[in-house]
There are 2 protein chains.
Amino acid sequence: MADQKKMVEAITSMDEDFAKWYTDIVKKADLADYSSVRGCMVIRPYGYAIWENIQHIMDGMFKDTGHENVYMPMFIPESLLQKEKDHVEGFAPEVAWVTHGGEEKLTERMCVRPTSETLFCEHYAHVINSYRDLPKLYNQWCSVVRWEKTTRPFLRTCEFLWQEGHTMHETAQEAIDETERMLNVYAQFCEQTLAIPVVKGQKTKKEQFAGAQATYTIEAMMHDGKALQSGTSHYFGDGFSKAFDITFQGRDNKPQYPHQTSWGTSTRLIGAIIMTHGDDNGLVLPPAIAPIQVIVVPIAQHKEGVLEKAGEITKQLKTFCRAKMDDSDNSAGWKFAEYEMKGVPLRLEIGPRDMEAGQCVLVRRDNREKIVVKLDELETKVPELLKAVHDGLYEKALKNRENRTWTAKNMEEAKKIAENNNGFIKSMWCGDLECELRMKEELGLSSRCMPMEQEHLGDTCVCCGKPASKSIIWGKAY
Amino acid sequence: MADQKKMVEAITSMDEDFAKWYTDIVKKADLADYSSVRGCMVIRPYGYAIWENIQHIMDGMFKDTGHENVYMPMFIPESLLQKEKDHVEGFAPEVAWVTHGGEEKLTERMCVRPTSETLFCEHYAHVINSYRDLPKLYNQWCSVVRWEKTTRPFLRTCEFLWQEGHTMHETAQEAIDETERMLNVYAQFCEQTLAIPVVKGQKTKKEQFAGAQATYTIEAMMHDGKALQSGTSHYFGDGFSKAFDITFQGRDNKPQYPHQTSWGTSTRLIGAIIMTHGDDNGLVLPPAIAPIQVIVVPIAQHKEGVLEKAGEITKQLKTFCRAKMDDSDNSAGWKFAEYEMKGVPLRLEIGPRDMEAGQCVLVRRDNREKIVVKLDELETKVPELLKAVHDGLYEKALKNRENRTWTAKNMEEAKKIAENNNGFIKSMWCGDLECELRMKEELGLSSRCMPMEQEHLGDTCVCCGKPASKSIIWGKAY
Ligand SMILES: [Zn+2]
Ligand SMILES: [Zn+2]
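The notes below deal with the structure included here. (Residues numbered from 1 in each chain as written. Chains lettered and ligands numbered in written order. Predicted model: local features only at pLDDT ≥ 70, side-chain atom pairs only at ≥ 80, totals over all residues. Heavy atoms only, no water.)

**Focus on the pattern of salt bridges**
Thinking step 1. Evaluated as defined, the whole model comprises 54 salt bridges over all chains.
Thinking step 2. Linking A:Lys203 and A:Glu219 is a salt bridge whose minimum nitrogen-to-oxygen distance equals 2.8 Å. You can see A:Lys203 sitting in the loop between β9 (198-202) and β10 (214-221) and its partner A:Glu219 sitting in strand β10, a full 16 residues away along the chain.
Thinking step 3. Among the ionic pairs, B:Glu312 bridges to B:Lys309, the shortest N-O distance being 3.1 Å. One end of the pair, B:Glu312, and the other, B:Lys309, are both in helix α10 (residues 306-317), 3 residues apart, so they sit about a helical turn from each other. (Salt bridge = Lys/Arg side-chain N within 4 Å of Asp/Glu carboxyl O. Helix = DSSP H or I, 4+ residues; strand = E, 2+ residues; numbered from the N terminus.)

Structure, rendered in C-alpha cells:
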C-alpha cells in the first residue's frame with residue numbers, strides 16, 4: 001500500500017488545483033506528451049486507443065445514418081478561403097500559412113485547413129448536377145489547424161484531430177433536419193457511449209460558426225462546473241452554394257442552389273471524459289471506449305497455479321471484452337494504483353484463496369465497490385458490471401450538473417450566483433447582443449446555448465428586464 | 001447493350017494510351033477528383049472506402065505484430081528537421097514551409113511533415129529510459145506532404161495518406177529483424193489481400209531513404225511492365241538516436257543508444273491495384289478490399305416478384321459479404337457496364353426465369369465467366385467465387401511479371417531487351433554507383449532492388465564486366 005500511496009500523491013488533488021490536476025492526469029495516464037511544435041501535442045498509444053474507440057463507434061453511427069467518408073486536401077488556397085465573406089473573416093486570423101514549397105515561393109499562399117467547407121464546396125460544384133445527386137452526405141476524419149494563443153492538451157491545441165461532416169440537400173428543410181439529426185447523434189454518443197450528459201441547444205448569433213445561419217451545440221458540464229462545447233452542427237442555407245456557384249437542376253427543371261450543413265466533434269471529447277469522470281486517483285474511463293475494460297491482477301502470483309489461472313481467466317474475458325493481465329514484477333498495490341490512474345473500469349483480483357473458492361474479486365473504478373463473483377459467472381457478471389460503471393458515471397455527472405445549475409430572474413440574482421459558484425445559470429433572454437455582452441463583461445459569463453427544450457422561467461430578460469421569450473444557459477467555458 | 005457499349009467506349013484502351021487509361025479509370029470509377037490545390041486530390045467515397053478496407057486489414061496485421069498507434073504533430077520546426085544531416089538533405093528541398101500563424105510571422109519556420117522520424121525521435125527521447133522500455137513499436141496513420149513537381153492521382157501527389165511505423169530496439173539485430181518482419185507483412189498484404197505479387201529486396205545505396213543505413217522494398221510490376229515501389233522498410237542503426245540524444249540504461253547498467261526502424265505504405269497501393277488488375281472495361285478490385293463484393297442486378301425488374309427476390313438475396317448476401325442491389329431505373333446493360341467500371345468482383349443476375357428454377361447467374365469480373373448457382377448454395381458458392389477471383393487476379397499478374405522478366409549478361413543484351421520491352425531486367429551487379437548511373441543514362445533503367453532471394457545469373461557485372469556477386473533487378477518505375 002506504500003507504493004499505492006506514492007502513486008496517488010503524485011497527482012494534484014482536483015479541489016486544490018483543477019487545471020494542474022487535469023494536466024497531471026494527461027501525463028500520468030500516458031495520454032499525451034508535449035512536443036517542441038508550438039501548441040501541438042503527441043497523442044500516446046493509450047490516448048490514441050481511446051480516440052480509435054471513439055472513432056469506431058461514431059463512424060458506425062455516421063454510416064448508419066447514410067454518410068460516406070472522403071478525404072479532401074489539407075491546404076486551402078487563399079482565394080478559395082476568401083470566396084465566402086463571413087467564413088474568411090472568422091478563420092483567416094487564426095490559420096497557419098504555407099508560403100514556400102521547397103525552395104520556391106508560392107505564387108499564392110495556402111493555409112492549412114482550419115475546417116473544410118470551402119474544399120467540400122469546390123468538389124460539390126463538380127459532382128452535383130441534378131436533384132438526383134442529392135443529398136450528398138460526406139464526412140472526413142482528419143486533423144485541422146487553428147493558431148490558438150494558449151493551448152491545453154485535448155481541450156485547445158493548434159492542431160487537433162476531428163471529424164467534419166459536410167452535406168448538401170435539395171431543400172432548406174432537409175438541411176435543417178440533417179443539422180438536428182447529427183446533433184442528436186452527438187448527444188446520443190456522449191450519453192450512451194461516453195456517459196456524459198449534455199444539453200442540446202442553439203448558439204446565439206454572436207457564438208455562431210463563421211458563415212453559418214444557425215449553429216447547434218451540445219454542452220457538457222465538467223466536474224468543476226465549467227462548460228465544454230463538445231460538438232457542433234451548422235446550418236448554412238445556400239450562402240456557400242451561391243459563393244461557390246453550386247447549382248443543380250431541380251424537379252422543376254430549373255437551376256437551384258442546394259442547402260448545406262456541417263458538423264464536427266474532436267479529440268476535445270477526451271478532455272471532456274477526463275474532466276467529467278476523473279477523480280483524485282486519476283482517469284475514470286467509460287467502459288465503451290476504455291482500451292482496457294478489465295485489468296486482471298494476480299494476487300500472490302508466485303504461488304503455484306495463480307498465474308496460470310489468471311491467464312486462463314484473461315483469455316476467457318477476451319472473448320467478450322477488452323481484457324489485459326498484468327503479470328509484471330510490480331507489487332499488487334502498485335498495479336492497483338497504476339490501473340486506477342489509467343481509469344480501467346474494472347479490476348479483477350485472483351489469488352490462491354479465491355481459486356480454492358472458485359471465485360474472484362471485481363472492483364469497480366467509479367465507486368471502488370468490491371464484488372465477489374463465481375468464476376463460472378464471469379460472462380454474465382462482467383458485462384453487467386461494465387454497464388453498472390457506465391450508469392454510475394452517467395448518474396454522477398448528471399447529479400453534478402443538477403447541483404450546479406441555477407435559475408436567475410435578474411442581474412442581481414445572476415451576480416450573486418456567479419460570484420459564489422461555477423455552473424450553469426438558466427434565465428430568460430431578450431435576444432439582444434448588448435445583454436449578452438453585458439453578461440460577459442459584468443459576470444464573466446458567456447452564453448452556452450438556447451436549449452432545444454425551452455423552459456418558461458419568467459417573462460423578462462435577465463439583463464435588461466425587457467420582455468423575453470427565449471430561455472438560455474450562461475456559464476464559464478473551456 | 002447500346003448503353004454498355006457507350007460506357008465502355010468512354011475510356012481509352014490501355015494499349016492505346018496507358019497513362020490516359022489510368023486517369024480515365026480514376027475519374028470514371030469515381031475514385032478521385034482534381035482540386036484547385038496544387039498537386040492534391042480529393043479522394044471520393046468509393047476510393048476512400050477502398051482505403052478504409054486497406055487500413056482495416058493492414059492495421060490488424062500491425063496490431064497482431066505488437067504495434068500501437070499514436071499521433072504526432074503535422075509540423076516539424078526547421079531546427080528539429082536539421083538534427084540529422086542526411087535526413088534534412090534528403091527532405092528539405094521537397095517540403096512545404098509554414099512561415100506565418102494568423103497575422104504573425106513565425107520566429108522559426110516549420111515544414112509540414114514529409115515523414116516523421118524527427119518527431120518520433122523527439123518523443124522517444126522523453127519516454128525511453130531503460131531497456132525495459134524497449135522495444136517501442138509505434139505506427140501512425142496520417143497524411144504527409146512532399147512538394148512534387150509532377151503529380152498523378154494516387155501515384156504521386158503533393159499530399160498523400162499513408163501509415164508510418166517507427167520503432168526503437170535494444171539491439172541492432174532486433175531492429176534489423178523488425179525491418180524484415182514488416183517487409184514481410186507488406187509482401188503478405190500485397191499478395192494475400194491485394195492479389196499483387198511483389199519482389200522483396202534491398203535498395204541500392206543510391207536509392208536508400210535519407211538517413212537510413214539500409215532500405216528494403218517490395219516492388220510490383222504493373223500491367224505495362226513498369227515497376228511500382230509499393231512499400232519500404234528502413235533500418236537506421238543508431239544514427240538518429242545519437243543526433244537526438246536518445247539513450248537507455250542497458251542490462252549492463254550503462255547508457256546505450258537504441259536502434260531504429262521505420263516503414264511505410266500509402267494510398268499509392270490504390271494506384272497499384274488499378275494498374276495491376278484493371279482492364280479496358282475499367283477497374284478490377286481484389287475481393288478483400290472491394291467496397292462492394294457482389295452487385296445484385298435484377299433482370300426484368302418490373303416483373304412481379306423480381307425486386308422482392310433480389311432484395312431478399314441481397315439481404316442474405318449481406319450476412320457474409322459486402323453486397324449491394326441496384327434497383328434503379330437504369331437498364332440492366334447500363335448496370336453491367338457501371339459495376340464493371342467500378343471493378344465489383346461478382347455480379348449476381350436474377351430474373352423471372354432464374355426464380356422459377358431457384359437459381360441465379362454469377363458473373364466474375366476478372367474473366368467474365370458465368371456460373372449458374374442454386375439460390376440455396378449462395379453461402380458456399382459466393383465465398384468460393386470471391387476466392388477464385390482473387391486467385392485469378394494473382395495468377396494473371398504473376399504471369400504478366402513472368403512474361404516481362406528477362407535476364408541480361410552484358411550491356412548489349414540489356415540494351416536490346418530495354419529497347420524492345422518494358423519489364424524487369426535481372427542481372428549481376430558489381431555494386432558500383434557508376435554502373436548504376438550508366439544503366440540509367442544509357443538504358444533509362446533504374447535499379448529496383450537486390451532481391452532477398454538472390455540468384456546466380458553469372459559472375460560478372462552486366463555493366464562493367466568486373467566480378468559481381470549480387471543479383472539485381474532493373475526497370476522503369478512510376
Ligand atoms: Zn435583454
Ligand atoms: Zn559494374
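**Observations regarding the packing of aromatic side chains**
Residue and element names in this part refer to chain B.
Thinking step 1. Applying the stated criterion across every chain, the model contains 28 aromatic pairs over all chains.
Thinking step 2. Between tyrosine 124 and tyrosine 138, the aromatic rings sit 5.4 Å apart at their centres with planes inclined by 35°, giving tilted as the arrangement. Highlighted residues: tyrosine 124 in helix α6 (residues 117-127) and tyrosine 138 in strand β7 (residues 136-145), separated in sequence by 14 residues. With respect to class, tyrosine 124 is no different from tyrosine 138; both count as buried.
Thinking step 3. Here tyrosine 186 and tryptophan 263 contribute two aromatic rings whose centre-to-centre distance is 6.4 Å and whose plane-to-plane angle is 65°, an arrangement assigned as edge-to-face. In this pair, tyrosine 186 is assigned in helix α7 (residues 172-192) and tryptophan 263 in strand β14 (residues 259-266), connecting sequence segments 77 residues apart. Summarising the burial analysis for this pair, tyrosine 186 and tryptophan 263 share the class buried.
Thinking step 4. A cation sits over an aromatic face here: lysine 342 above tyrosine 46, 4.9 Å from the ring centre. (Phe/Tyr/Trp six-rings, centres within 6.5 Å; stacked < 30°, edge-to-face > 60°. Buried < 20%, exposed > 50% of the residue type's maximum accessible area, 1.4 Å probe, protein only. Lys NZ or Arg CZ within 6 Å of the ring centre and 35° of its normal.)

**Topic: the coordination of the zinc ion (ligand 2)**
Residue and element names in this part refer to chain B.
Thinking step 1. With distances of 2.2 to 2.4 Å, the protein atoms coordinating the zinc ion (ligand 2) are Cys430 (SG), Cys435 (SG), Cys461 (SG) and Cys464 (SG).
Thinking step 2. For the zinc ion (ligand 2), the 4 donor atoms in the first shell make angles of 104 to 113° at the metal, so the coordination geometry reads as tetrahedral.
Thinking step 3. On the accessibility criterion, cysteine 461 (1% relative accessible area) is buried. (Donors = N, O, S within 2.8 Å, 3.2 Å for Na, K, Ca; no water. Tetrahedral: all angles 85-135°; square planar, octahedral: opposite > 155°, others 65-115°.)

**Observations regarding the nonpolar core**
Thinking step 1. Residues A:Ile54, A:Phe75, B:Ile54 and B:Phe75 are the most contacted members of the largest nonpolar core, which totals 214 residues.
Thinking step 2. Residues in contact with B:Ile54, not counting those within four places in the same chain, are B:Phe189, B:Leu194, B:Leu269, B:Ile270, B:Ile273 and B:Ile289. (Core = buried A, V, L, I, M, F, W, Y, C linked by side-chain atoms within 4.5 Å. Contact = heavy atoms within 4.5 Å.)

**Digging into unusual backbone geometry**
Thinking step 1. Of note, the bond from A:Leu134 into A:Pro135 is cis; its omega dihedral lies within 30 degrees of zero at -5°.
Thinking step 2. Looking at where A:Pro135 falls in the secondary structure, it is placed in the loop between α6 (117-127) and β7 (136-145).
Thinking step 3. Despite not being glycine, B:Phe154 shows a phi value in the positive range, around 70°.
Thinking step 4. Non-glycine residue B:Ala300 carries a positive phi angle of around 50°.
Thinking step 5. Tracing the sequence through the fold places B:Ala300 in the loop between β15 (294-298) and α10.

**A short note on the coordination of the zinc ion (ligand 1)**
Thinking step 1. Listed as protein donors to the zinc ion (ligand 1) are A:Cys430 (SG), A:Cys435 (SG), A:Cys461 (SG) and A:Cys464 (SG); their distances from the metal cover 2.2 to 2.3 Å.
Thinking step 2. Coordination at the zinc ion (ligand 1) is tetrahedral, judged from the 4 donor atoms that bind it and the angles of 104 to 114° they form at the metal.

**Quick look at the sheet that holds strand β5 (residues 96-101) of chain B**
Thinking step 1. Spatially, β4(A)-β6(A)-β5(A)-β5(B)-β6(B)-β4(B) is the arrangement adopted by the 6 strands of the open sheet, whose pairing is antiparallel. Sheet topology places β4 (75-77) of chain A together with β4 (75-77) of chain B at the edges, where each strand pairs with a single neighbour. Within the sheet, the average angular offset between the axes of one strand and its neighbour, ignoring direction, is 45°.
Thinking step 2. Here β4(A) pairs with strand β6 (residues 104-112) of chain A via 3 bridges, running antiparallel. For A:Phe75, the partnering residue across the bridge sits in β6(A) and is A:Val112. (Pairing = 2+ DSSP bridges. Axes fitted to C-alpha atoms, helices over the stretch in contact; angles between N-to-C directions.)

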